[in-house]
Each structure stands twice: as C-alpha cells, then as structure tokens.
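Fold and geometry: a report
Read off the chains here:
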Amino acid sequence: MNERQRHIAHLHLHASLTEDQYADIIELMSGITPHVQAVPPNAVQLDLTSALRYFDLSPYDVVQLAKIRLKALYGIESSAGLAGNRMLAAMAADASAPGETTRIPTGRAADWLYPRPVTALPGIGRTTAETLRRYGLHTIGQIVDLPSGTLQRLLGAGPARLLAERARGRDPRPVTPSEPAAHLVADLALERDCLDPAQHHRAVVGLADQIGQRLRGDHQVASRLALTVRYADRSSTTRTRALPEPTNHSPALATAALGLLNALGLQRARVRAFVIRADALLSVDGAYRQLSLDPGIERARAAEAAADRARRRFGPEAVRPATLAE
C-alpha cells in the first residue's frame, strides 16, 4: 500500500498520565485499529487504513470516534491530526487546539507545509534553525525551493537530504504497535551505606552507561528515565524525567540521570542502593533523531560505537567512562 492510501491519526492527550493509564488508553485505541503506536509520554498514533471498512466511516469520523471514547471513558480532551504519514499527522496535531482535528488532504501536503515555519518540522534543533535563519530561510517552502547543492553547503550532505525529505512531507515509517510499558532497569546495591556525594555521582553515571549499552545492543532508544534512591532506613525516593528526545547515547542518559540526582538534594543522605529505569522504549528505526550540525556529537557517537565493539570483543570492562576510572 503506498503512502497516499494511508490514513494516519496522531492524538495528543491533554492529561498527565500514569504508566497504567497510558497502557489502558493504548488498549482502548486497539479496539479501533490493531495498528496503534505509543508516542510517550502523552500521545498515540493510529493507522486507520484497515479500520475504515470495518466501521464504514470516513477517516475523519473514525478519529472523532476515538476522541469521543477518550472523553467519555477517561475524561481526557485530545487534539488530533490526520494525514497520509506519521510525520504529517503529528505536525497536524501540533497545529490543532484542544478538541480540534486538523486534516491534511491527500495530495495537498505540499500546500499545507509550504507557509509553515521550518522549526515545525521534527528534528530541527536550535543550532540548525539558527543556521537557516542566518541565510533568510524561515519557512518550509523556502527549503523546498532551495537548490539541493546550496542546502548541502549550509548543513552538510546527510542533514540536508533528511531536511529536504521532511520539507516535502515524506515519511515512510509505518505505525508499529509497541508496548508503552517496555523498560530496562539497572541497579547497584552498595557494599555499605554511602554518604559521599562523589560516590553517588559515580554510581549514577555507571548505571546510565549500563542502560545506554543495553539499549544500543537491542537497537532501542528510551524516551523517559527514572531514578530511585534507596536509603539506609529502607525508605526510597523516585524521580522521573521525559528525555528531550528518545536516545541511547550514554552521555545524554547520564546527564538526565544526574539531573534527577541533583534534584533530590541528597547532600549527606545515607544511601544503600540506586536504580535507574529506562521507560517508553522505541526501536531506533521508529524514532526521530534531532538534526545536529555539531561534529562533536557525531564524533562522540562514533567513539561510543567503537567502545561497544571493543566490549563485545574483550569484555564489558574493556572500555569505561573516564568518570568511573579508578
């Protein structure tokens, strides 16, 4: 089935959801179509193509049915986008006020995208946006009209090709059903109660690195991170944070985990154990990665891939973060 025949809906849920509530909503949406993908922490995408004949409704009416069920059963208001692929549906949902549905008709995607700001495209970070702005490129239409060679000189070959594809509304990714509760856990029980903030820091960095290695080994990325600290009196505290973008990059995970640790303000707390949990896992192929013009990021990822290869060959202790060196 080609892209023009697909009918993809993206629903933003205007509510703070627990993991159990989110799982219940995925199950509810599965009653409309089996092709439901979680988009943590509060959105879902539905491929309605196969459901239209069953309900004998238009794609727009099936979206309204989904929104009515969310409102009636959970009291959740939603905004929705309806288009021919996942990226356009998400952008249409972003353009919708709560309760509204924005449709991008088949064959009209280029017209809809043309006047919109280039920052509305997924993966356009601050650095890329600033580079484009300096050259007077503010709208998606200006990117479409720009010669490919010029765009490559501004951004580099890879980012330029990706941006040009997105500016033309192309996104071949299918809606892939996935479990929103999928997670990875790494924990460390200390030999004795620890009061030293430096040791707390080392423990959290080490666990984040473990999570990153496992994610990369499974070709997954995490969208959310949780840190649990267990104390000498057997009490515990947990903090959770949505990541800026789904990632399996160990330094990014460590930065998020240390942010959670600092937010706890432990100071001289007697800590017995740490647990890091990576939630809302997605396949690497199913997640957007932000465009970056920083060659340092690419070098860091290349070094990380080389370290992973060394660990597979020589063992898990062959390469370690400098922070963890004795």
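Look above for the structure.
Now for a look at the structure at hand. What you are looking at is a predicted structure, and each value in this text was computed from that prediction instead of being measured. (Residues numbered from 1 in each chain as written. Predicted model: local features only at pLDDT ≥ 70, side-chain atom pairs only at ≥ 80, totals over all residues. Heavy atoms only, no water.)

1. Some points on the overall build of the protein chain
For the protein chain, the helix and strand inventory stands at 12 helices and 10 strands. Relative to its 326 residues, the protein chain shows a buried fraction of 45%. Considering only residue pairs separated by 6 or more positions, the protein chain has 70% of its internal contacts joining residues 24 or more positions apart. Split by element, the accessible area of the protein chain, about 16,900 Å² in all, is 51% carbon and sulfur. (Helix = DSSP H or I, 4+ residues; strand = E, 2+ residues; numbered from the N terminus. Buried < 20%, exposed > 50% of the residue type's maximum accessible area, 1.4 Å probe, protein only. Contact = heavy atoms within 4.5 Å. Areas by Shrake-Rupley, 256 points an atom, 1.4 Å probe, with all protein chains shown as cover.)

2. Some remarks on the sheet that holds strand β1 (residues 8–13)
Pairing in this open sheet of five strands is mixed, and the strands run β2-β3-β1-β4-β5 from one edge to the other. The open sheet has two free edges, formed respectively by β2 (36–39) and β5 (101–103), since each of these has just one partner strand. Pairs of neighbouring strands in the sheet enclose a mean axial angle of 15°, with direction left out of account. Examined bridge by bridge, β1 and strand β3 (residues 43–47) share five bridges and lie antiparallel to one another. In the strand pairing of β3, A9 is matched with L46. (Pairing = 2+ DSSP bridges. Axes fitted to C-alpha atoms, helices over the stretch in contact; angles between N-to-C directions.)

3. Brief notes about the pairing of strand β7 (residues 220–231)
When you tally the buried positions in β7, you get 10 out of 12 residues, the bulk of the element. Both β7 and strand β10 (residues 282–283) contribute to a ladder of two bridges, which runs antiparallel. The residue of β10 that forms the bridge with V221 is L282. Pairing of β7 with strand β8 (residues 236–247) involves eight bridges; the strand directions are antiparallel. Looking at β8, one finds that V229 is bridged to T237.

4. A look at the packing of helix α6 (residues 126–134) against helix α8 (residues 148–155)
It is at 10 Å that the axes of α6 and α8 come closest, and there the two elements cross at 125°. Considering their axes alone, α6 and α8 lie oblique with respect to each other. Between α6 and α8 the crossing geometry is right-handed. On α8, the residues touching T128, T131 and L132 of α6 are L151, L154 and L155. Partitioned by chemical class, the residues of the contact of α6 with α8 number four nonpolar, two polar and no charged. (Parallel < 35°, antiparallel > 145°, perpendicular 65-115°, else oblique. Left-handed = near helix turned anticlockwise from the far one by under 90°. Nonpolar A, V, L, I, M, F, W, Y, C, P; charged D, E, K, R; others polar.)

5. Regarding the environment of V221
Within the fold, V221 resides in strand β7. For V221, a relative accessible area of 7% corresponds to the buried category. Between the C-alpha atom of V221 and that of L282, which follows or precedes it by 61 residues, the distance is 5.4 Å.

No statement about biological role is implied by the geometric values presented.
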